[in-house]
Amino acid sequence: MSDFIFSTTSRPADDLKQSLQEIDTSQKAPIVNFSGFWGSLAVVENHYAGFQPLETDSHIAVVIGGPLLQFQANDFLDDEDSSAGTAAILERHLSGEMSWDEDLSGPFAAFILDKKSGAFTYVTDLLMFIPVYSFEGSEGIVLGSHVDVVAKVAGEEENLDPVSLADFVLNHVVTYPYTCYENIRQAEAGTVHNYTDIASSHQKSCETYWVPREEQNYESLPEAARLLRESLLEDVATITNGTKKVGAFVSAGEDSRSILGSLPEGVDCDGFTYLYGSPRDRAIAKQVTKIFNVNHTVSAQPYHYYLDILSDASALVGSGHQYSHAHVVGFFEEWKLRDYRAVLGGYLSDSLLKGLFSRKRRGRGLLSWLPEFHRPGETQTRRQHSDLFTEEVLDQVKNRKREHMARVQEIRPQTAHEWFGIWPATMQLTFPNFLATRRLFRSYEPFMGKTSVKIGAGVPLSWKLNRRMFNRAMRPLLKPTRWVFHADGHLPYFPFWFNMPFVFLDKLKKTLLKAYHAFTCLITGKETPWQRRRASKTDEEWLAAFEKFNAGYDSFDEIIKDRSARRKLSSRQTRNLLQVLEWIDRMHR
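The structure presented is a predicted model; accordingly, all values stated were derived computationally and were not measured.

A. Local environment of the side chain of R412. Mapped onto the secondary structure, R412 falls in the loop between α13 (391-411) and α14 (416-419). Despite its burial, R412 pairs with no opposite charge, the nearest such side chain being E214 at 4.3 Å. For R412, the side chain forms a polar contact with the main-chain oxygen of R213, separated by 3.1 Å. Contact partners of R412, with chain neighbours within four places excluded, come to P212, R213, E214, W419 and A457.

Following this line, the structure appears as structure tokens:
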């Protein structure tokens, strides 16, 4: 695990330790405590090698996550008990030479405290892949990397924000900068937060060192593609340097193929696939791993998998983050992922490099094979309708979304719709995937490196649509699997225009199959795999879970208009509501 909690008011060490241990009950990771006139600090020893907490005569330094240092070699990645990386960051920061957007690559949060003055600084990465949450009250300040731990230490567990709860149920995220707690906020992304003048009062100043401005920073698409490929190869080489075997997640898509294709010669790989789709996904993943000579392990998700992991996954990612994206919670122990020095994934390439969240003009259904085109405007701030919540709270949710959209439009006027769900990273629907993996084992996501993020922000949207830039960048890495189809019917090695007829035929096949499943279910009355996606709304086990946690409604009953309207929620929204009810129940035990 890799988390911290800090309070400017002295707290019992056992209380801080217990709060951190509740994040992940599957392991009892060592926790280091520090205290002084400045307050109390507790840190879970970092499982990313080289980044253990560090105390010197004058400072305490904490690094959460495992960023790659760009200003020196990363030889310490073999030494789990080392604080060499932490020491290097502290030294560079104190010297005034640190350039946070260039000198570190990948997710991180840094906390540095001056033991003599009590002044402290915390820094978030480019998109705040590792969030920091803060509470500032009359009795002091509480900071931490897990929102529920901050709430517990600050005594804010009962001060829930009903608007945020409704926002989460309906939209799968809590709109930045709010949290599920009334008085706790998310920090700013890409920012150095300084707190000084401790003797009298805490004076805060913020220096934002990077924002994803809508600027064209690359001369041509080929140049951007080359830099993207080179940065991926360099980061993967750094991560794997000195180790003979790594783990990697393998899917039926193209991102995991790009990662496998980037592995240096001589590095063996164990590939892991968790199935929740069709048998075709398994067959494609098996083909890919065979071509790359990867040892392949496949585990199928049980029928009630997302009900089984509800409590553990929800506690792991924290309130306001959709637990159902923590797919690996039920598999990581079986796969022994903690034994690997690095487990690689292909997360975020779609969001950053392929315009996933952009507003596109494109055909639907059988016409989805047509090329993508940017569609101006935005629809993120439309007012929602829900019979479950009161009209007043729906208006407040809409206002918060408009506030965030205004922030995004200031820096990205043409692509605000896209970046509304990217900046900061906590606005991403699938973000809890990384929140879970980084806490459970040494998870590395090369597409979250600084160059990938900056290219995603600094190229025209037209380069990203239809996979143009990504295909140009990854073609050399995809060549070994050039005749292996993607799960959506295209051949990733080839450009979009080449794939148009293949995608059309695949869409036609899936449409006919979907109709067949619906007809079969209607005639036989038996549930098919396609219908199981809606299990959270009709299955007896899910309905029983709602009955079990039903008392949780009382905590935000003021915004509920009609409890029976739960039946009108989508399957995703239904899971979100159950997560809220379970979390409130667990909080009051």
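B. The nonpolar core, seen in detail. Counting 183 residues, the largest nonpolar core has F389 and F556 as its most contacted members. Those residues in contact with F556 that lie beyond four places of it in its chain are P162, L165, F389, L577, V580, L581 and I584.

C. Quick look at a nonpolar patch on the surface. Taken together, the side chains of F504, L505, L508 and L512 present a nonpolar region at the surface, about 350 Å² in accessible area. Turning to its location among the elements, L508 is positioned in helix α19 (residues 496-524). Assessed through its relative accessible area of 31%, L508 is described here as partly exposed.

D. Broad picture of helix α2 (residues 84-95). Here α2 is 12 residues long and its end C-alpha atoms lie 16 Å apart, about the 16 Å a rise of 1.5 Å per residue gives. Taken as a whole, α2 has its buried residues at G85, T86, A88, I89, L90 and R92. Elements in contact with the buried residues of α2: β4 (54-55), β5 (59-64), β6 (68-69), α3 (100-103), β7 (104-105) and β8 (109-114). Downstream of α2 by one or two residues, G96 has phi in the positive range, about 80°.

E. Just the packing of aromatic side chains, in detail. Summed over the entire model, instances satisfying the criterion amount to 28 aromatic pairs. Geometrically, the ring pair formed by Y553 and F556 is tilted, given 6.2 Å between the ring centres and 35° between the ring planes. The pair Y553 / F556 is uniform in exposure class, with both members buried. Put simply, the rings of F249, F272, Y274, Y305, Y306, F331, W335, Y340 and F441 touch in pairs and so form one group of aromatic residues. One cation-aromatic arrangement involves K354 over F470; the distance from NZ or CZ to the ring centre is 4.1 Å. The aromatic ring of Y493 is capped on one face by R475, whose charged end is 4.2 Å from the ring centroid.

F. Structural context of the sheet that holds strand β15 (residues 245-249). Within the open sheet, the five strands sit side by side as β17-β16-β15-β18-β21. Their pairing is parallel. Since the sheet does not close on itself, it has two edges, and those belong to β17 (295-300) and β21 (443-444), each with one partner. With respect to the sheet, helix α8 (residues 279-291) is in contact with β16 (268-275) and β17, its orientation differing from that of β17 by roughly 165°.

G. Main features of the environment of R586. With respect to the helices and strands, R586 occurs in helix α22 (residues 571-587). For R586, a relative accessible area of 22% gives the class partly exposed. When the C-alpha atoms of R586 and Q21 are compared, they prove to be 15 Å apart, with 565 residues separating the residues in sequence. Contact partners of R586, with chain neighbours within four places excluded, come to S311, S314 and A315. At 3.2 Å, the side chain of R586 and the side chain of S314 are in polar contact.

H. Inspection of helix α10 (residues 310-317) at higher detail. Summarising burial for α10: six of the eight residues are buried, a large majority. Listing the buried residues of α10 in full gives L310, A313, S314, A315, L316 and V317. In this structure, the buried residues of α10 make contact with α9 (305-308), α15 (432-440) and α22. G318 sits one or two residues past α10 and shows a positive phi near 95°.

I. Inspection of the side chain of T437 at higher detail. Within the fold, T437 resides in helix α15. Dropping the residues within four chain positions of it, T437 is found in contact with V328 and S443.

J. A look at the packing of α10 against α22. Two elements in contact, α10 and α22, have axes whose closest approach is 10 Å; the angle formed by their N-to-C orientations is 80°. Taken together, the axis directions place α10 and α22 in an arrangement best described as roughly perpendicular. For the pair formed by α10 and α22, the contact residues are L310, S311, S314 and A315 on the first element and L578, Q579, E582, W583 and R586 on the second. Among the residues making up the contact of α10 with α22, the classes are represented as four nonpolar, three polar and two charged.

K. The arrangement of unusual backbone geometry in detail. That bond from Y176 to P177 is cis: its omega, 5°, falls within 30 degrees of zero. Inspection of the secondary structure assignment puts P177 in the loop between α5 (162-171) and β12 (184-186). A cis geometry characterises the amide bond from W423 onward to P424, with omega recorded as -5°. Structurally, P424 can be placed in the loop between α14 and α15. For H172, which is not glycine, the phi torsion reads 75° and is therefore positive. Exposure remark for H172: the relative accessible area of 12% places this residue in the buried category.

L. Representation of the packing of helix α6 (residues 221-240) against helix α16 (residues 450-458) in the model. Between α6 and α16, whose axes approach to 9 Å, the crossing angle comes to 160°. Looking at the two axes, α6 sits roughly antiparallel to α16. By crossing handedness, the relation of α6 to α16 is classed as left-handed. Residues A224, L227, L228 and S231 of α6 pack against T451, S452 and I455 of α16. Classifying every residue of the contact of α6 with α16 gives four nonpolar, three polar and no charged.

M. Spotlight on the sheet that holds strand β11 (residues 140-144). Taken in spatial order, the six strands of this open sheet run β2-β3-β1-β11-β10-β12, and their pairing is antiparallel. Each edge of the open sheet is held by one strand with a lone partner, namely β2 (31-36) and β12. Neighbour-to-neighbour, the strand axes of the sheet open up by a mean angle of 15°, direction not taken into account. In the packing of helix α1 (residues 13-21) onto the sheet, the strands contacted are β1 (4-7), β2 and β3 (39-44), and the crossing angle to β3 comes to about 35°.

N. Region of interest: the pairing of strand β10 (residues 133-137). Relative to β12, β10 is paired through three bridges, and the arrangement is antiparallel. Bridge pairing links F135 to I184 in β12. Pairing analysis gives five bridges linking β10 to β11, with the strands arranged antiparallel. The partner of F135 across the bridge, within β11, is V142. Where β10 folds back on β11, the antiparallel hairpin that results is connected by two residues.

About the cut-offs
Residues numbered from 1 in each chain as written. Predicted model: local features only at pLDDT ≥ 70, side-chain atom pairs only at ≥ 80, totals over all residues. Heavy atoms only, no water. Helix = DSSP H or I, 4+ residues; strand = E, 2+ residues; numbered from the N terminus. Buried < 20%, exposed > 50% of the residue type's maximum accessible area, 1.4 Å probe, protein only. Lys, Arg positive; Asp, Glu negative; His and termini not counted. Salt bridge = Lys/Arg side-chain N within 4 Å of Asp/Glu carboxyl O. Polar contact = N/O pair within 3.5 Å; in protein donor to acceptor, adjacent residues only side chain to side chain. Contact = heavy atoms within 4.5 Å. Core = buried A, V, L, I, M, F, W, Y, C linked by side-chain atoms within 4.5 Å. Patch = residues over 30% accessible without salt bridge, like charges linked within 9 Å, V, L, I, M, F, W, Y side chains within 5 Å. Areas by Shrake-Rupley, 256 points an atom, 1.4 Å probe, with all protein chains shown as cover. Expected span 1.5 Å × (residues − 1). Phe/Tyr/Trp six-rings, centres within 6.5 Å; stacked < 30°, edge-to-face > 60°. Lys NZ or Arg CZ within 6 Å of the ring centre and 35° of its normal. Pairing = 2+ DSSP bridges. Axes fitted to C-alpha atoms, helices over the stretch in contact; angles between N-to-C directions. Parallel < 35°, antiparallel > 145°, perpendicular 65-115°, else oblique. Nonpolar A, V, L, I, M, F, W, Y, C, P; charged D, E, K, R; others polar. Left-handed = near helix turned anticlockwise from the far one by under 90°.

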